[in-house]
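Per-entry structural report
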Amino acid sequence: MDSEDGGRHDRLTRHPTPGRRNSLRGWTDAKPVWRVVRNYLLVWVARIAPSLRVRSWVLRRLGATVGNGVSWGLEATPDVFWPELLTLGDDAVVGYDSVLLCHEFLQDEYRTGEVVVGDRAMIGAKAVVLPGVQIGADAEVAANSLVTRDVPAGVTVAGVPARPMGRGDVDTERAADRRDGVADR
């Protein structure tokens, strides 16, 4: 899904910000205040509602595309600025206290990008998914991972940044780290 020369970055929309101030300082130019306040209140309900049905209903009110049988974990947080860029496939699981971001504010620009979680994909507790990332069907993201790249269908990723895990083979992870210039642990 993610090519060496593109991937999520090719799917991001860049919005330059004028002047020398960082892009977050001008968030009110990006989205109306009333919309962000409304989204924030709905996100709060999605985070704490005891019912999965209510959570899915709230996510749809936010503009997210939510498939059948989605399980949205307690305290999980959808993007508050651009929740309409979030797509959750059928029977996807988003774990406790995870964050799915569809935007990133930088110094000279902000970027937006759709986050797609495929059918039956699983995102573990406290994982963070960056804008523009696509997680394939039946893929798994381990708890506490930072997902900066696409996750192909059926693949398990873990770590910061998240990398594919071998089938219990530590040497597979070390080989990937060496390829990416990370020192052995």
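Scroll up a little and you will see the structure.
Structure report, in brief.

Parameters and conventions
- Residues numbered from 1 in each chain as written.
- Predicted model: local features only at pLDDT ≥ 70, side-chain atom pairs only at ≥ 80, totals over all residues.
- Heavy atoms only, no water.
- Salt bridge = Lys/Arg side-chain N within 4 Å of Asp/Glu carboxyl O.
- Helix = DSSP H or I, 4+ residues; strand = E, 2+ residues; numbered from the N terminus.
- Buried < 20%, exposed > 50% of the residue type's maximum accessible area, 1.4 Å probe, protein only.
- Phe/Tyr/Trp six-rings, centres within 6.5 Å; stacked < 30°, edge-to-face > 60°.
- Core = buried A, V, L, I, M, F, W, Y, C linked by side-chain atoms within 4.5 Å.
- Contact = heavy atoms within 4.5 Å.

1. Considering the pattern of salt bridges
- Per the stated rule, a full pass over the model turns up nine salt bridges.
- A salt bridge links E104 to R8; the shortest N-O distance between them is 3.7 Å. Of this pair, E104 sits in strand β8 (residues 103–105) while R8 is found in helix α1 (residues 8–11), placing the two residues 96 residues apart along the sequence. Accessibility assignment for this pair places E104 and R8 in one class, buried.
- The partner of R111 in a salt bridge is E109, with the nearest N and O atoms 2.7 Å apart. In terms of burial, R111 and E109 fall into one category: buried.
- Each of R8, R14, E104, E109 and R111 takes part in one network of salt bridges that share partners.

2. Examining the packing of aromatic side chains
- Under the defined criterion, the tally for this structure stands at six aromatic pairs.
- Judged by centre distance (5.6 Å) and plane angle (75°), the rings of W27 and F81 are edge-to-face. Of this pair, W27 sits in helix α2 (residues 27–30) while F81 is found in the loop between β4 (77–78) and β5 (86–88), placing the two residues 54 residues apart along the sequence.
- A residue is classified by how much of its surface remains accessible, and F81, at 11% relative accessible area, is buried.
- Following the ring pairs from residue to residue traces out a cluster consisting of W27, F81, W82, F105 and Y110.

3. Describing the nonpolar core
- Among the nonpolar cores identified, the biggest contains 38 residues, and W72, L88, L100, V117, I123 and I135 are the most heavily contacted of them.
- For this core, the secondary-structure elements that each account for two or more residues are α3 (33–48), α4 (52–61), β5 and β10 (115–117).
- Here the element with the most residues in this core is α3; it accounts for four residues.
- Beyond its immediate sequence surroundings of up to four residues, I123 is in contact with V93, V94, G95, S98, L100, V117, V129, I135 and V141.

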